[in-house]
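Residue-level listing of the chains:
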Amino acid sequence: MATPTLTRHRVPGVLGDISVDVRAGGRDSARPAVICVHGFKGFKDWGMWPPFCERLARAGLTAVSLNLSGSGVDDSGAFAFPERFGHDTFSAELEDVRRVAEALYAGELAVVRPSSMGLLGHSRGGGISILHAARDARVRALATWAAISTVERWQPVEKKRWRQTGVSEIRNARTGQILPLYTDILDDIERNAALLDLELAAERISVPWLLVHGTGDESVSFVEAERLAAAGSRSKMRFLPIEGAGHTFGAAHPWAGSNPALDRAFDASVAFFAGELA
């Protein structure tokens, strides 16, 4: 098997360019591909993503990771585009994933058209992946890590104050930056409630789904995983609780190595895609 190589690309996104990394070996032969979608305040080079994508590529899969156009993050990992972050929405992220899938199938990412496609998302990216998988028949396998079960993430009193001021300030713990979050995302949720209904989308998933969630998740309650598991098809769902694991399964940024919880998530996901997309 050819040693995987890394190429970097730009795909036009809703709020600016989508930065895309592609790790693959044997780029001239069709092979399965997995698109990996980060979560809120995440990015393609955060902690666990590069080593996981390398694992996928070494298993014979094409790994496609990206910075959503509203992530606000550049290729160095800096929040260089705070205004993009401020205007991001669920619908914009969903459209970004669609555009990357289209570029992949059009042969625009330095690999030939894939033989099949899987989708993996973490946290909010897990929710986006569920929504996309429910509407794109090319997705043959879905994996979610610590996925949200609803786009309603804010309490009414918080939303009221947010609308009064026009902006909510988000502190990034990694950089210390104060980032703006405008009301675009609230408008999007109100306008597109049915299209963004994650439990309804989960009911429509008809492909194999690996649902991974830590029981000690401090950001997205394990209850949300149970809701998704209840909504999904029992015959297609593999529910993998990881006892005591937190939101990132112990991964940190910068990457400081793996641990037993993260190894379980990695191993199960690589084996899942290698088996289901073969």
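Our structure's up above, just so we're on the same page.
What this report covers is the structure whose coordinates are included nearby. (Residues numbered from 1 in each chain as written. Predicted model: local features only at pLDDT ≥ 70, side-chain atom pairs only at ≥ 80, totals over all residues. Heavy atoms only, no water.)

The end-to-end C-alpha separation of helix H9 (residues 260-276) is 24 Å, in line with the 24 Å expected for 17 residues at 1.5 Å each. Buried positions along H9 lie against strand E3 (33-37), helix H1 (49-58), strand E5 (117-122), strand E6 (139-145), strand E9 (209-214) and strand E10 (237-242). Capping the start of H9, Asn259 holds a side-chain oxygen 3.0 Å from the backbone nitrogen of Ala261, two or three residues further along. (Helix = DSSP H or I, 4+ residues; strand = E, 2+ residues; numbered from the N terminus. Expected span 1.5 Å × (residues − 1). Contact = heavy atoms within 4.5 Å. Polar contact = N/O pair within 3.5 Å; in protein donor to acceptor, adjacent residues only side chain to side chain.)

Okay, the sheet that holds strand E2 (residues 17-24) next. In spatial order, the strands read E1-E2-E4-E3-E5-E6-E9-E10; together these eight strands make up an open sheet with mixed pairing. The strands lining the two open edges of the sheet, one partner per strand, are strand E1 (5-12) and E10. Taking each pair of neighbouring strands and ignoring which way they run, the sheet shows an average axis angle of 20°. Here E9 pairs with E10 via six bridges, running parallel. Within E10, the residue paired with His213 across the bridge is Pro241. This element, H1, spans E2, E3, strand E4 (62-67), E5 and E6 of the sheet and lies at about 170° to E3. Where helix H4 (residues 124-133) meets the sheet, it contacts E3, E5, E6 and E9, and its direction lies at approximately 150° from that of E5. (Pairing = 2+ DSSP bridges. Axes fitted to C-alpha atoms, helices over the stretch in contact; angles between N-to-C directions.)

When helix H8 (residues 222-231) is considered as a whole, its buried residues turn out to be Phe222, Glu224, Ala225, Leu228, Ala229 and Ala231. In the core, the buried residues of H8 are packed alongside H4, helix H7 (198-204), E9 and E10. Backbone nitrogen of Val223 and a side-chain oxygen of the N-cap are separated by 3.1 Å at the start of H8; the cap is Ser221. (Buried < 20%, exposed > 50% of the residue type's maximum accessible area, 1.4 Å probe, protein only.)

His253 connects to Pro254 through a cis peptide bond whose omega is 0°. With respect to the element layout, Pro254 can be found in the loop between E10 and H9. One non-glycine residue, Ser123, lies in positive phi territory at about 60°. Here Ser123 is to be found in the loop between E5 and H4.

Next up on the list: the environment of Lys236. Secondary-structure assignment places Lys236 in the loop between H8 and E10. Between the alpha carbons of Lys236 and Pro208 there is a distance of 4.6 Å; along the sequence they are 28 residues apart. Once residues lying within four places of it in the same chain are set aside, the contact partners of Lys236 are Ser206, Val207, Pro208 and Trp209.

All right, on to the environment of Asp197 then. In this structure, Asp197 sits in the loop between helix H6 (184-191) and H7. Taking the relative accessible area as the measure of exposure, Asp197 reaches 34% and is therefore partly exposed. For the pair formed by Asp197 and Trp154, sequence separation is 43 residues and the distance between their alpha carbons is 15 Å. Engagement of the side chain of Asp197 in a polar contact is seen with the backbone nitrogen of Leu200, the distance being 3.0 Å.

The next subject is the nonpolar core. Grouped together as the largest cluster of nonpolar side chains are 90 residues, with contacts concentrated most on Ile35, Ile130 and Phe273. If near-sequence neighbours (up to four positions away) are discounted, Ile35 is found in contact with Val64, Leu66, Val100, Ala101, Leu104, Met117, Gly118, Leu119 and Leu120. (Core = buried A, V, L, I, M, F, W, Y, C linked by side-chain atoms within 4.5 Å.)

Per the counting criterion, the structure on display carries 18 salt bridges. Of the charged contacts, one joins Asp45 and Lys44 as a salt bridge, the two residues approaching to 2.8 Å between their closest N and O atoms. A residue is classified by how much of its surface remains accessible, and Asp45, at 18% relative accessible area, is buried. Given a relative accessible area of 1%, Lys44 falls into the buried group. For Asp187, the salt bridge identified is with Arg163, shortest N-O distance 2.8 Å. In this pair, Asp187 is assigned in helix H6 and Arg163 in helix H5 (residues 156-165), connecting sequence segments 24 residues apart. The partly exposed category is assigned to Arg163, whose relative accessible area is 35%. Salt bridges linked by common partners bring Arg8, Arg10, Asp21, Lys44, Asp45 and Asp75 together as one network. (Salt bridge = Lys/Arg side-chain N within 4 Å of Asp/Glu carboxyl O.)

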